[in-house]
Amino acid sequence: MREVRDCFLGSADELDYPAQFVAGLLDPARPTPTLLTGPHGKAAHRRFNVYRNNVTVSLIEALAATFPATRRITGEAFFRAMARFHIRETPPKSPLLFEYGRNFPDFIERYAYARPMPWLADVARIERAWLDAYHAADAAVLLPHVLAAAQPAELADLVFEPHPATGVVRSAYPAVTVFSANRGDGPVGRIEASAPETALITRPSLEVEVRTLAPGADIFVGSLLEGEPFGSAAVAGHACCPHFDLATAIRVMLEAGAFAAIRHGG
Amino acid sequence: MTELAIHADRAQLGIPRFPAHPVDGLAGTSFKHQHLPNILADDERTGGFFEVHAENYMGAGGPPHAALVKIREDYPVSLHGVCMSIGGPQPLDKGHLGRFAALVKRYEPALVSEHLAWSTHETTYYNDLLPLPYTEASLRRVAEHIDEVQEAIGRPILLENPSSYLLFKDSTMSETAFMRGLVRRTGCGLLLDINNVFVSATNQGFSALDYLSDFPMADVGEIHLAGHTQQQDDEGDLLLIDSHNGPVADAVWKLFDVVIALRGPVPTLIEWDSAIPDWSVLKREAQAAQMLMDRHAPGLRQETLHARG
């Protein structure tokens, strides 16, 4: 309806200003759009650059706010250059900036200059999961006594409902150790860890928590999050890791608030 | 269980969840989470009112909502939308409009505002308040968008004048005429950003006082004050940037005093969005605005605070 009426009124051309305006917005090599001018016949180049600068700098800052440990590891100049490439390639599709940066870890993985830091993309994945946990829906966590009240005969068939904030990031590198060392303002010592780590990200109340899941526990908790019943998740944990300690894994996942409820499967 | 049932009834009956907290004649500040402990520790509730960017509260839950609930219980809140893209020609994002309406319903804000600007083109979000030409065609389109927003939230919005750095060759009317036209067609109110007026006047070489004398003052429901920074244009002349990263400039205070003398007290907000200072510094800026308003209408603030109870 709108298009038909605009054609009739001859105003469609007058309303194509965004297409002309954005053509040069993310690319400084493009000329200033000709529909713009300064006042009293002045040029509009530096004036248009104010918008170019606002857009790119504000999006770099949005990524910097979401990925502070990543930025600390790379340093400011490296991070800004990397973020600028990503913004040109993948500008936001939503006005909600806390949703932006979902593809940034994959971009980091492909970014040639970041290759000497192969764990960097996983640190960024933990940071992205951190922000998702921060904004996730509020929900009560599964309390130990609820699980303790389950009949032993029913235990194997129990299915665990994930808490809305819960996320898991598996890394082939010590990404949780690197994340934790760089997320705050404190001094970062030499990191000796080298073994692969899996991060469990939760928000049992208002504070986001990030902890490492031990080998076996990562498979066990991951299986429960995917909806596997308790019995087969425990078997999967043991199968991948002979030292898997089921009692400790249960204590850790309850402390973390990784789940909201249990129900009887089958 | 009983308590939950009672809450459900309140919502169904449309009974407000929060106290009304009138905002008339008060000065307020942007709400920044790092200030929350200081604000809550202030037993005299001297914060006036608080303005939040709507988009920061469009997540499902977590600390942002917990903080806003606390603030809303004690103070009037102004809900300031930043990216509805009302000033763009393309249809409004229905999902975004729905989220905005849900926030208005949930928090019962004293003031609701948006910008005369656009930020989304096709599916890309540019995260800036981008300008538009002032023509009959754009006036008609923007008025349709304002109607749509007001219908969705069930109340009028305040529309904010932009800061601008350049002009469109195709514009056929002044910004003040454009905004007057929007008020007439949609019944919306206006948010007069005096720093934006000063920034645009400097950048475009017009008189800020002329602009203000042509602005439909009777429709102004809120005022914004903020800091700006200085750059240069292509000719080496002063170009002001609406940066919200410092104290309000003396010239802007002067214009504010002129507007209040003319219009009487209006809810006035100190915007400070980057290089955010300690709460005491931000609060002092709001107190300065309050002092200027009280000078022109000494009784109003007391009446408002009394009504708040």
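Just so we're clear, the structure is a prediction, and the values are computed from it rather than from any experiment.

**Section: the environment of Tyr 17 of chain A**
No. 1: Its location among the elements puts Tyr 17 of chain A in helix 2 (residues 17-22).
No. 2: The buried category is assigned to Tyr 17 of chain A, around which 25 C-beta atoms lie within 10 Å.
No. 3: Not counting the four nearest positions on each side in its chain, Tyr 17 of chain A is found in contact with Leu 35 of chain A together with Leu 132, Pro 133 and Phe 168 of chain B.

**Quick look at the interface of chain B and chain A**
No. 1: Taken together, the 42 residues of chain B in the interface contact 44 residues of chain A.
No. 2: Elements with a minimum of two residues in the side of chain B that touches chain A: helix 3 (63-74), strand 5 (118-121), strand 6 (124-130), helix 5 (136-153), strand 8 (167-168) and strand 12 (238-241) of chain B.
No. 3: In terms of residues, the side of chain B that touches chain A owes the most to one element, strand 6 of chain B, which gives 6 residues.
No. 4: When the residues that make up the side of chain B that touches chain A are grouped by side-chain class, the tally is 19 nonpolar, 15 polar and 8 charged.

**Let's talk about the packing of helix 7 (residues 194-204) of chain B against helix 9 (residues 250-263) of chain B**
All names here are of chain B.
No. 1: At a closest axis distance of 9 Å, the pairing of helix 7 and helix 9 adopts a crossing angle of 120°. With respect to helix 9, the axis of helix 7 lies oblique. The chirality of how helix 7 crosses helix 9 is right-handed. Residue-level inspection shows Ile 194, Asn 195, Val 197 and Phe 198 of helix 7 in contact with helix 9, the latter providing Ala 251, Val 252, Leu 255, Phe 256 and Val 259.
No. 2: The class makeup of the residues in the contact of helix 7 with helix 9 is 8 nonpolar, 1 polar and no charged.

**Observations concerning the environment of Val 220 of chain B**
All names here are of chain B.
No. 1: Turning to its location among the elements, Val 220 is positioned in strand 10 (residues 220-226).
No. 2: C-alpha of Val 220 to C-alpha of Ala 137: the two residues are 83 residues apart in sequence and 24 Å apart in space.
No. 3: Val 220 has contacts with Leu 190, Leu 192, Arg 263 and Val 266, leaving out every residue within four places of it along the chain.

**A closer look at the domain arrangement of chain A**
No. 1: According to the domain assignment, chain A consists of domain 1 (1-117) and domain 2 (138-266).
No. 2: Centre-to-centre, using C-alpha coordinates, domain 1 of chain A lies 38 Å away from domain 2 of chain A.

**Considering helix 5 (residues 76-89) of chain A**
Residues and elements named next belong to chain A.
No. 1: Helix length check: helix 5, at 14 residues, gives a terminal C-alpha distance of 20 Å against a target of 20 Å (1.5 Å per residue), a fit within 8%.
No. 2: For helix 5, the full list of buried residues reads Met 82, Ala 83, His 86 and Ile 87. The buried residues of helix 5 occupy an angular sector of 140° when projected down its axis, which confines them to one face. Opposite the packed face of helix 5, turned more than 90 degrees from it, sit the exposed residues Ala 77, Arg 88 and Glu 89.
No. 3: If you follow the buried residues of helix 5, they end up packed against helix 3 (45-66), helix 4 (68-74) and helix 6 (104-110).

**Considering the nonpolar core**
No. 1: Val 123, Ile 126 and Val 221 of chain A together with Leu 159 and Ile 194 of chain B are the most contacted members of the largest nonpolar core, which totals 145 residues.
No. 2: Examining the composition of this core, we find that 10 residues originate from one element, helix 7 (residues 120-135) of chain A, more than from any other.
No. 3: Taken domain by domain, the makeup of this core includes at least three residues from each of domain 1 (1-117) and domain 2 (138-266) of chain A.
No. 4: Look past the residues within four positions of Val 221 of chain A in its chain and what remains in contact with it is Val 168, Leu 200, Leu 213, Ala 249, Met 253 and Ala 258 of chain A.

About the cut-offs
- Residues numbered from 1 in each chain as written.
- Chains lettered and ligands numbered in written order.
- Predicted model: local features only at pLDDT ≥ 70, side-chain atom pairs only at ≥ 80, totals over all residues.
- Helix = DSSP H or I, 4+ residues; strand = E, 2+ residues; numbered from the N terminus.
- Buried ≥ 20, exposed ≤ 12 C-beta atoms within 10 Å, placed from the backbone.
- Contact = placed C-beta atoms within 7 Å.
- Nonpolar A, V, L, I, M, F, W, Y, C, P; charged D, E, K, R; others polar.
- Axes fitted to C-alpha atoms, helices over the stretch in contact; angles between N-to-C directions.
- Parallel < 35°, antiparallel > 145°, perpendicular 65-115°, else oblique.
- Left-handed = near helix turned anticlockwise from the far one by under 90°.
- Domains from an automatic or database assignment.
- Expected span 1.5 Å × (residues − 1).
- Arc of directions from axis to C-beta.
- Core = buried A, V, L, I, M, F, W, Y, C linked by C-beta atoms within 7 Å.

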